[in-house]
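Residues per chain, in single letters:
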Amino acid sequence: GTFDPVHRGHLALARAARDELGLDEVMFLPAGQPWRKAGQTIASNEHRLAMLRRALEGEAAFQVSKLELERPGPSYTADTLEALRDDRPEDELFFLLGEDALMDLPNWARPQRILELAMLAVARRADTSPKALKETDRQLPGLGERVIWLKMSAVAVSATEIRERVRAGQPMGDLAPATVEEYIREQGLYRE
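Let us look at the structure shown here. These numbers come from a predicted model, not from an experiment.

1. Things to note about the overall build of the chain
Right, so step 1: Counting its regular elements, the chain contains 9 helices and 5 strands.
Right, so step 2: The globule rule puts the C-alpha radius of gyration for 192 residues at 16 Å, and the 16 Å found for the chain is close to it.
Right, so step 3: For the chain, the spread of C-alpha atoms along the principal axes amounts to about 45 × 35 × 35 Å.
Right, so step 4: For the chain, with 192 residues in total, the buried portion stands at 42%.
Right, so step 5: The long-range fraction of contacts in the chain, counting pairs at least 24 apart against all pairs at least 6 apart in sequence, stands at 74%.
Right, so step 6: Per element, the accessible surface of the chain, about 10400 Å² overall, is 47% carbon and sulfur.
Right, so step 7: Distance between charge centres in the chain, computed from 26 positive and 32 negative side chains, equals 4 Å.

2. Considerations on the packing of aromatic side chains
Right, so step 1: Under the counting rule described, the total for this entry stands at 4 aromatic pairs.
Right, so step 2: Note on Trp35 and Tyr76: the rings are 5.5 Å apart at their centroids and 50 degrees apart in plane angle, and the pair reads as tilted. With Trp35 in the loop between strand E1 (26-28) and helix H2 (45-55) and Tyr76 in the loop between helix H3 (67-70) and helix H4 (77-87), this pair connects stretches of sequence that are 41 residues apart.
Right, so step 3: Residue classification places Trp35 among the partly exposed residues on the basis of a relative accessible area of 28%.
Right, so step 4: Taking 6.0 Å as the distance between ring centres and 75 degrees as the angle between the ring planes, the aromatic pair formed by Phe95 and Trp108 counts as edge-to-face.

Criteria and thresholds
- Residues numbered from 1 in each chain as written.
- Predicted model: local features only at pLDDT ≥ 70, side-chain atom pairs only at ≥ 80, totals over all residues.
- Heavy atoms only, no water.
- Helix = DSSP H or I, 4+ residues; strand = E, 2+ residues; numbered from the N terminus.
- Rg over C-alpha atoms; globule rule 2.2 N^0.38 Å.
- Buried < 20%, exposed > 50% of the residue type's maximum accessible area, 1.4 Å probe, protein only.
- Contact = heavy atoms within 4.5 Å.
- Areas by Shrake-Rupley, 256 points an atom, 1.4 Å probe, with all protein chains shown as cover.
- Lys, Arg positive; Asp, Glu negative; His and termini not counted.
- Charge placed at Lys NZ, Arg CZ, Asp CG, Glu CD.
- Phe/Tyr/Trp six-rings, centres within 6.5 Å; stacked < 30°, edge-to-face > 60°.

This is how it looks when you write it as structure tokens:
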């Protein structure tokens, strides 16, 4: 993910997947060059990595990987999953995402390969229509068999909302961990 910034929705999804699926490890992989955000201004790799590390302090099962940050060129999920599969051939991979990202999956690079490499653990969103889900399943045959719907409550937070609040000089409240809010303030992120 872009994690610009990491927020409580990301953490809730990671905890739900860890607990429901009995995962040994949840790996956060900040995108080095998120191709879906080309042309948009995002915080530097160093800032996004630092915020992730602060947010994950004390979470023994949560790890940060610099795999995508260190790889040149755009960050494609299929490439990342292939690298993880090569590095950990015995591991079962789960790709954690929100339902909004699932709806967009047909537009990603090599989406069929993503389905081959990992099960998708998905957090529902209240605003997604059943018709949209059927259309996504039609565009990606076999998608339904590769999705595990997590039983977590919807978490109403977005990185865009956090950036807008900071830009307006408003407090973040509980949208992100206090350590992340402190880092944003210290570094003067999202002010302009």
